[in-house]
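Summary of structural features
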Amino acid sequence: QVQLQESGPGLVKPSETLSLTCDVSGGSITITNYWSWVRQPPGKGLEWIGEISHNGFANYNPSLKSRVAMSLDTFKNQFSLNLTSVTAADTAIYYCTRESGAYVPFGHWGQGTLVTSSS
Amino acid sequence: QSALTQPASVSGSPGQSITISCTGTSNDIGTYNYVSWFQQHPGSAPKLLISAVSDRPSGVSYRFSGSKSANTASLTISGLQAEDEADYYCSSYTSSRTYVFGTGTKVTVL
């Protein structure tokens, strides 16, 4: 059973870069086609951030595209999210997900990690 | 891209059936059968309930079913139980090769 675990700083200063990692355990990161990031501001709904394929192709939410970068590290069996120039609006629980079939990108979820943007 | 539209809240008594709608456009739900539904209890990560409009993953109760008509997808919960009280979200693939979530629906069991 492949499991996901997000990690990274819980507090980021405004204008700085948010960096998170999703550790994949129980299987190789190369066995799944797409890995995604989703976020949820406190008390609000879900927002798709983007996805990255097993061979490094990334696809982002147009509203975040100018600030987002995702990468994949097959040696460490993890994938990462960088979000630049953060503001209070980026305060959210960030989830990494694994697809469970074609066009089913959110089949399996990590537990999520809360990131707060504040000085 | 705009979020898919869901009712803010739906309620029902134990044993009843309820339906949650998810309205999109011809650029997402209306064209693609890549609609998923999720259940989220407070403090927990979302859980996949339905994929590809109406497919139930292994382990998901038969009481959850999905359908689609034109630009609107629906999730029906039959035989409502106390444990079904949660937030529910839909999602869809879009013609821009992106994904969009619904606004979310809070289900209350009376």
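Since this is a predicted model, take the numbers as computed values, not measurements.

1. So, the pattern of salt bridges
Oppositely charged side chains can pair when the atoms bearing their charge come close. In this structure the tally under the stated criterion is four salt bridges over all chains. A salt bridge links A:Asp90 to A:Arg67; the nearest nitrogen and oxygen atoms lie 2.9 Å apart. A residue pair is termed long-range when its members are at least 10 positions apart, and A:Asp90 in the loop between strand S8 (78-83) and strand S9 (92-98) and A:Arg67 in the loop between strand S6 (58-60) and strand S7 (68-73) qualify at 23 residues. Each member of the pair, A:Asp90 as well as A:Arg67, carries the same accessibility label: buried. As a salt-bridge pair, B:Asp84 and B:Arg63 come within 2.7 Å of each other at their nearest N and O atoms. On the criterion of sequence distance, the pair formed by B:Asp84 in the loop between strand S6 (72-77) and strand S7 (86-93) and B:Arg63 in the loop between strand S4 (47-50) and strand S5 (64-69) is long-range, its members being 21 residues apart. Summarising the burial analysis for this pair, B:Asp84 and B:Arg63 share the class buried. Salt bridges here are not isolated pairs; linked through shared partners, they connect A:Arg39, A:Glu47, A:Arg67 and A:Asp90.

2. Some details on the pairing of S6(B)
One face of the sheet, then the other: side chains in a regular strand alternate in exactly this way. Residues and elements named next belong to chain B. Direction of pairing for strand S2 (residues 18-23) relative to S6: antiparallel, over a ladder of six bridges. Within S6, the position partnered with Ile 18 by the bridge is Ile 77. Where S5 meets S6, six bridges bridge the pair, whose relative direction is antiparallel. Bridging across to S6, Ser 67 finds its partner in Ser 74.

3. Let's talk about the interface of chain A and chain B
Much of the literature gives interface size as the accessible area that the parts lose upon coming together. Each partner contributes to the interface: chain A provides 23 residues, whereas chain B provides 17 residues. Together, the buried faces of chain A and chain B total about 1700 Å²; carbon and sulfur atoms form 66% of this surface. For chain A, the biggest contributors to the area lost against chain B are A:Leu46, A:Tyr103 and A:Phe106; these three give 37% of the whole. Taken together, the connections running from chain A to chain B amount to zero salt bridges. For the pair chain A and chain B, the number of links is five residue pairs in polar contact (both at pLDDT 80 or more). Those elements giving two or more residues to the side of chain A that touches chain B turn out to be strand S4 (34-40), strand S5 (47-53) and S6 of chain A.

4. Topic: unusual backbone geometry
All names here are of chain B. One non-glycine residue, Ala 70, adopts positive backbone phi at about 55°. As for its placement among the helices and strands, Ala 70 is situated in the loop between S5 and S6. What makes Ala 70 exposed here is its relative accessible area of 58%. Of note, Arg 97 is a non-glycine position whose phi angle comes to about 65°, a positive value. For Arg 97, the position within the fold is in the loop between S7 and strand S8 (99-101). Take Arg 97: its relative accessible area is 45%, and that puts it in the partly exposed class.

Reading guide: rules and limits
Residues numbered from 1 in each chain as written. Chains lettered and ligands numbered in written order. Predicted model: local features only at pLDDT ≥ 70, side-chain atom pairs only at ≥ 80, totals over all residues. Heavy atoms only, no water. Salt bridge = Lys/Arg side-chain N within 4 Å of Asp/Glu carboxyl O. Helix = DSSP H or I, 4+ residues; strand = E, 2+ residues; numbered from the N terminus. Buried < 20%, exposed > 50% of the residue type's maximum accessible area, 1.4 Å probe, protein only. Pairing = 2+ DSSP bridges. Contact = heavy atoms within 4.5 Å. Buried area = accessible area lost by both parts, 1.4 Å probe. Polar contact = N/O pair within 3.5 Å; in protein donor to acceptor, adjacent residues only side chain to side chain.

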